[in-house]
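Inside the fold
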Amino acid sequence: MRSWMISYVAGILCALTLTQYIPLSGCIFISLLVVGRWHPGCILYAIAGLLGVLWGACWISWQLQAQLPETLNRSDWQLTGIVTGLPERTDTGFRFDFRVQSARLLSGDHSYQPQKLRLSWYQPDQAVRAGMELQIRARLKRPHGQYNPRGFDYEQWLLARHIDATGYVKSLEVMTRDQAGFWPGLRARVNQQLAQRYSADLTGLLQALTTGTRSALATQQWQLLQQTGTLHLAVISGMHIGLIACVGWWLGRLWGCLPGFQGQRWPPYVLAMLAAFFYLYLSGFGIPAQRAFFMFAVLVLAGWRLRVVDHWTRWWMALAVVLTLSPIAIYNPGFWLSFAVVAVLITLYQAGSAGSRLWRIQLLLLPALMPLTVMFFTGVAWVAPLANLLAIPWISVLVPLLLLDQLLSLLGIALLNPVIAGMAEVSWFFLAWLAQLPGTYQSFPAPGIPVLLVAIAGAGLLILPVGYRYKALALLMLLPLLMPKHGFKATGEYEVWVFDVGQGLAVWVSTRSSSLLYDLGPAYRSGTSAFDWSVLPALQSRNVKTVETLVLSHNDSDHAGGYQAFLQHIEPQTLYASYPLEAREAQHCRTGINWLQDGVQFRFLAGSEGEKDNERSCVLLIDNGRCSLLLTGDIDQSVEAGLMPLAAPLTWMLSSHHGSRYSNGQGFIDRWRPEVVIHSAGYGNPYNHPHPDVLNRFEQVGARQWSTATDGAIHLRATEEKCQTQSLNSQQPRFWR
């Protein structure tokens, strides 16, 4: 049975990761069927694998067909439906999921009917709560997210939540205050009670442990959990589900002692399952919680039927069920970490280490999970064994008390409030103390595939029952994961990332020994910025801690909006700007300023002159003698005219002002004649950037054109031999793009 599940899971993984090669995978399974003529057992495995491929392919098709058609992008709708999930309160309003009951297109006629939406309501005049039945007029667009190296994939997140379209509310009318009933609104009520009874510093942790809601955790608290290797404690998983299931089990044992139930075997099993499922529901059905519940369910059902199901069979069954419910979970780091932790524990148990002290388990978990933590989080918390050794028992007491506190609150009893508040405060104090110790957390660059595979093999060897010679070999196999990456670039080579920051601009240029950032992308209404979500993860994955040169082309929020976020993480050595910056020593970018770095020439062609911000944009030319790049900011055609005498054969150009038709004049384009043009523009932006006229102008000179809105981040690499252009979509294709 386990082999069938392995084949089934492999089929789903094949469908989700190699969707463009499904015909090829089909040929593989056909070949297995042929082999099965001589080896009959292979037929069942091939059928199971084929079922996995078919299910994965069907799931993809259903999800993508349910999304808003491209022809209806930015269309207005009249909607009626119910607020689901937990609405998020932001600085500018609310964000919430909306299950549609009826939908009508306000202009034109179309048969499409959305099922579930993700809506934002700016400047609301009332609160939005779970269970409300609303009538809404909204503008919708297809699910879309920015695509950057190591960045948060919002489009994948929407797909995993079955969101058919996103949009914003134009008008809203409440039809019924609570249509959902008791159970769907339970999570919202629990969160509300916790927010009312505890301080804001404690609410985030308590909500995460009770309902799986992590939005109330402050950025500093997330960093603290990451630096101490205790992020998993704020994610409801096996430990939390197991604790509550044990409570249910012992309540069932007590129930079995009551008159009339003596001798009955079912009460502990039933109550344990009900308790575990209740906590799974309360936690929002997160992937780690699902994995724990399904593994526990198999154990309980097998025990009830007096059968023995080994650990690995339960592990594979849980894996198959989770992927059946949500195949896209394979793109979630929590999926891999959750199942990897349990796999390591099973291996240690079978190797005879289960009876060892807890500290030994923690010490082995750290290197065993190191390949995944470095890959996903580009860092290692060396203090994690000590932190978890003390935090796990502490949280094991806090979680049951929290749920008991919620039950007592129904009776108006606040007996446990001081105890819970004190335990939460001690938790944060302990983690903050650990984080201050020297060397508690260390960042490492994201590993390449060969290094990652060697490290995974070493981690597996480390936890297997083998001799000390092999253990030493395992540690050696882990070492490349922790070694700093030396620059692959030779003198005169440089690399460029044009990030996908929506309607804005952020460019990272790196030479052999230095980095330059040209603009930092827009700021968002929520208070965050594109730098936090799109640029910083890429820098951290390369272990970039200093930026030698920062250029802020001009004082527009879509170019300099991420400046404050940048300063919280990185201090530039040299700062150029076309406008004065308060409390910062910034040089004006002026015509003629140039410098040579690692054999690459940097030169400002214009900047800091003119009345309007756009006219003052810093224009930077980067050239190694073979490949050249022109960064133009938001200059208009009047500034472009002044650059024409400086024109020379050009490899890459960023279109002026995101491809505005009032920039990118035909004469300017004809003089520079770039081989490749990159448009940094937002998907479905209201300015129609890049404008069709501009696309035609560049087409007339034979330039190949790329757009961050459709291609994601653009990667440029300049060597002595060639000038290479690739998009992240082509480097890392995803079926939803």
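Below, the structure is looked at part by part.

Criteria and cut-off values
- Residues numbered from 1 in each chain as written.
- Predicted model: local features only at pLDDT ≥ 70, side-chain atom pairs only at ≥ 80, totals over all residues.
- Heavy atoms only, no water.
- Helix = DSSP H or I, 4+ residues; strand = E, 2+ residues; numbered from the N terminus.
- Buried < 20%, exposed > 50% of the residue type's maximum accessible area, 1.4 Å probe, protein only.
- Contact = heavy atoms within 4.5 Å.
- Areas by Shrake-Rupley, 256 points an atom, 1.4 Å probe, with all protein chains shown as cover.
- Lys, Arg positive; Asp, Glu negative; His and termini not counted.
- Charge placed at Lys NZ, Arg CZ, Asp CG, Glu CD.
- Disulfide = S-S within 2.5 Å.
- Core = buried A, V, L, I, M, F, W, Y, C linked by side-chain atoms within 4.5 Å.
- Axes fitted to C-alpha atoms, helices over the stretch in contact; angles between N-to-C directions.
- Parallel < 35°, antiparallel > 145°, perpendicular 65-115°, else oblique.
- Pairing = 2+ DSSP bridges.
- Phe/Tyr/Trp six-rings, centres within 6.5 Å; stacked < 30°, edge-to-face > 60°.
- Right-handed = clockwise from strand over helix to strand, strands pointing away.

What follows concerns the overall build of the chain. When its secondary structure is counted, the chain shows 25 helices and 22 strands. Principal-axis analysis of the C-alpha atoms places the extent of the chain at approximately 100 × 70 × 60 Å. Taking all 737 residues of the chain together, the buried fraction comes to 51%. For the chain, the proportion of contacts with a sequence separation of at least 24, taken over those separated by at least 6, is 68%. Of the accessible surface of the chain, which amounts to about 33900 Å², a share of 59% is contributed by carbon and sulfur atoms. Taken as two groups, the 53 positive and 44 negative side-chain charges of the chain have centres that lie 13 Å from each other.

Before going further, it helps to examine the state of the cysteines. Summed over all chains, the structure comprises 2 disulfides. Across the disulfide from Cys589 sits Cys618; the S-S distance is 1.9 Å. Residues Cys589 and Cys618 share a disulfide whose torsion about the S-S bond is about -75 degrees; that sign makes it left-handed. Here Cys618 lies in the loop between strand E15 (600-606) and strand E16 (619-623) and Cys589 lies in the loop between strand E13 (587-588) and strand E14 (594-597), a separation of 29 residues in the sequence. A single burial state applies to Cys589 and to Cys618, both of which are buried. The partner cysteine of Cys627 in its disulfide is Cys723, sulfur to sulfur 1.9 Å. Residues Cys627 and Cys723 are joined by a disulfide whose S-S torsion is about -95 degrees; by sign, that bridge is left-handed. Of the two residues, Cys627 is situated in the loop between E16 and strand E17 (628-631) and Cys723 in strand E22 (residues 723-727); the sequence distance between them amounts to 96 residues. Numbered by order of appearance in the sequence, the disulfide-linked cysteines of the chain pair as 1-2, 3-4.

Now for the nonpolar core. Counting residues in each nonpolar core, the largest one holds 83 residues, and the members touching the most others are Trp315 and Phe335. Sequence-distant contacts of Phe335, that is, excluding residues within four places in its chain, are made with Ile287, Leu319, Val322, Leu323, Ala329 and Ile330. Judged by nonpolar contacts, the second largest core, of 30 residues, contains Val547, Leu550, Leu567 and Leu581.

Moving on, we get to unusual backbone geometry. Here the amide bond leading from His689 into Pro690 is cis, since omega sits at -10 degrees, within 30 degrees of zero. Summarising the element assignment, Pro690 is placed in the loop between strand E19 (674-679) and helix H23 (692-700). Of note, the phi angle at Asp598 is positive, near 55 degrees, even though the residue is not glycine. The residue Asp598 is located in the loop between E14 and E15 in this model. Look at Asp598 and you get buried, because its relative accessible area is 13%. Backbone geometry at Asn688 places phi at a positive 60 degrees, although glycine is not the residue there. On the secondary structure map, Asn688 appears in the loop between E19 and H23. Judged by relative accessible area, Asn688 falls into the partly exposed class, the value being 43%.

Next up on the list: the packing of helix H9 (residues 266-282) against helix H10 (residues 287-304). With their axes 10 Å apart at the nearest point, H9 and H10 run at an angle of 170 degrees to one another. One finds that H9 runs roughly antiparallel with respect to H10. Mapping the contact onto sequence places Trp266, Tyr269, Val270, Ala272, Met273, Ala276, Phe277 and Leu280 in H9 and Ala289, Gln290, Phe293, Phe296, Ala297, Val300, Gly303 and Trp304 in H10.

What follows is about the sheet that holds strand E20 (residues 704-707). Remark on secondary structure: sheet strands pair via backbone hydrogen bonds, oriented parallel or antiparallel. Read from one edge of the open sheet, 7 strands run E14-E15-E16-E17-E18-E19-E20, paired in mixed fashion. Only two strands of the sheet have a single partner each, and these edge strands are E14 and E20. Pairwise comparison of adjacent strand axes, ignoring direction, gives a mean angle of 20 degrees for this sheet. One ladder, built from 4 bridges, connects E16 with E17; its direction is antiparallel. Residue Ile622 lies in a different strand from E17, and its bridge partner there is Leu629.

Overall, the coordinates contain 26 aromatic pairs when judged by the stated rule. Aromatic side chains Trp77 and Tyr112 sit 6.3 Å apart centroid to centroid with 80 degrees between the ring planes, which places their arrangement in the edge-to-face category. Here Tyr112 lies in the loop between strand E2 (93-105) and strand E3 (116-122) and Trp77 lies in strand E1 (residues 75-89), a separation of 35 residues in the sequence. Taking the relative accessible area as the measure of exposure, Tyr112 reaches 9% and is therefore buried. A ring pair is formed by Tyr154 and Trp157, whose centres lie 5.8 Å apart and whose planes are at 15 degrees; its orientation type is stacked. Placement of the pair is Tyr154 and Trp157 together in helix H4 (residues 154-160), with a separation of 3 residues, close to one helical turn. On the basis of relative accessibility, which here comes to 27%, the residue Tyr154 falls in the partly exposed class. On the basis of relative accessible area, Trp157 is assigned to the partly exposed category, the value being 26%.

Turning next to the pairing of strand E18 (residues 650-654). Most of E18 sits out of view: 5 of its 5 residues are buried. As paired strands, E17 and E18 are joined by 2 bridges and run parallel to one another. Residue pairing for E18: Leu629 is matched across the bridge by Trp652. Regarding the hand of the β-α-β motif, the stretch spanning E17, helix H21 (residues 637-643) and E18 is right-handed. Here E18 pairs with E19 via 4 bridges, running parallel. Within the sheet, the bridge partner assigned to Leu650 lies in E19 and is Pro674. Running through helix H22 (residues 666-672), the crossover from E18 to the neighbouring parallel element E19 is right-handed.

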